[in-house]
Amino acid sequence: MTIGSRKERSVRENGESDETGESVMEQEKREQDAYSILSDHVNAELTEKKSVFLTDAYPVHSEEEAAEKIQEVSRKYYDARHHCFAYVLGDHKEIVRQSDNKEPAGTAGRPILSVIQGENLTYVLIVVTRYFGGILLGTGGLVRAYTGSAKAVLHLAKEEGKILTLRHAQKLRIHLPYAQAESLQYDLAQKKIRVLETVYEAEVTIHICVPAEEAKGVILEITQKTSGAAQVVREEEGFFAV
């Protein structure tokens, strides 16, 4: 339930800034810009009516790299009937490819792709290799099997912590005296702010990463918390895990 005055609702619906200074349109764009990636190779296996489906998921950054991985899987399982795949590339998921690899049209590549898109993933390739078990699965059975295979490998990736959500973020570097460090580190942990690195030299340097739209507020809060003892420097801005 959304609570607010008619005036507040009217302002937001018209795309004007809310109390955070960010309009609804800006908020929606920020949410759309967030995406997830696979950090490492994952494989899974599924058996359906004696047909064996071997699934490999890879992080890829170009169509050339995706093609190399598909060839790699094809060579590894050279005696299999089908190597069906789908991949998505680009920060805005603008590159999309899929192949049924001689399975009936729409029964393999499209289901794999749908699973990838349903997880809001990009820079990812999923290849499902099928060893035919002698029993025809039918169109519906194939769709379920390829869908299930893609879901299984991504479920395993989640369990292994290999799926990362990236969003528009700002890296900050904090310099502060030792006397202030422990208290600030506690506050960062309580607010679940991602700490990238902490360096102990003549002073303490803490590298953190925060959502870009929260950077200004975080800097102000750190400055107030340390009574101005901390120096906060804005560093790289881009898509990072936060």
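All values reported here derive from a predicted model rather than from experimental measurement.

## Notes on the pattern of salt bridges
Then, number 1: Enumeration according to the criterion identifies 10 salt bridges in this entry.
Then, number 2: The closest approach of N and O atoms between Glu 72 and Lys 69, which form a salt bridge, is 3.8 Å. Placement of both Glu 72 and Lys 69 in helix 3 (residues 63–76) is noted, with a separation of three residues, approximately one turn of the helix.
Then, number 3: Across the pair Lys 191 and Glu 221 runs a salt bridge, and its minimum N-O distance is 3.0 Å. Of this pair, Lys 191 sits in the loop between helix 6 (178–190) and strand 8 (194–200) while Glu 221 sits in helix 7 (residues 215–225), and the two are 30 residues apart along the sequence.
Then, number 4: For Lys 191, a relative accessible area of 48% translates into the label partly exposed.

## Some points on the sheet that holds strand 5 (residues 95–99)
Then, number 1: Strand order in the open sheet formed by five strands is 2-3-6-4-5, with antiparallel pairing between adjacent strands. A strand with exactly one partner marks an edge of an open sheet, and here the two such strands are strand 2 (42–48) and strand 5. For this sheet the average axis-to-axis angle between neighbouring strands, irrespective of direction, equals 15°.
Then, number 2: By the bridge criterion, eight bridges tie strand 3 (residues 51–59) to strand 6 (residues 124–131) in an arrangement that is antiparallel. Directly across from Tyr 58, in strand 6, lies its bridge partner Leu 125.
Then, number 3: Its contacts with the sheet place helix 4 (residues 109–118) against strand 4 (82–89), strand 5 and strand 6, and it is angled at close to 35° to strand 4.
Then, number 4: Across the sheet, helix 5 (residues 138–159) lies against strand 2, strand 3, strand 4 and strand 6, angled at about 145° from strand 2, the strand it touches most.

Definitions and limits used
Residues numbered from 1 in each chain as written. Predicted model: local features only at pLDDT ≥ 70, side-chain atom pairs only at ≥ 80, totals over all residues. Heavy atoms only, no water. Salt bridge = Lys/Arg side-chain N within 4 Å of Asp/Glu carboxyl O. Helix = DSSP H or I, 4+ residues; strand = E, 2+ residues; numbered from the N terminus. Buried < 20%, exposed > 50% of the residue type's maximum accessible area, 1.4 Å probe, protein only. Pairing = 2+ DSSP bridges. Axes fitted to C-alpha atoms, helices over the stretch in contact; angles between N-to-C directions. Contact = heavy atoms within 4.5 Å.

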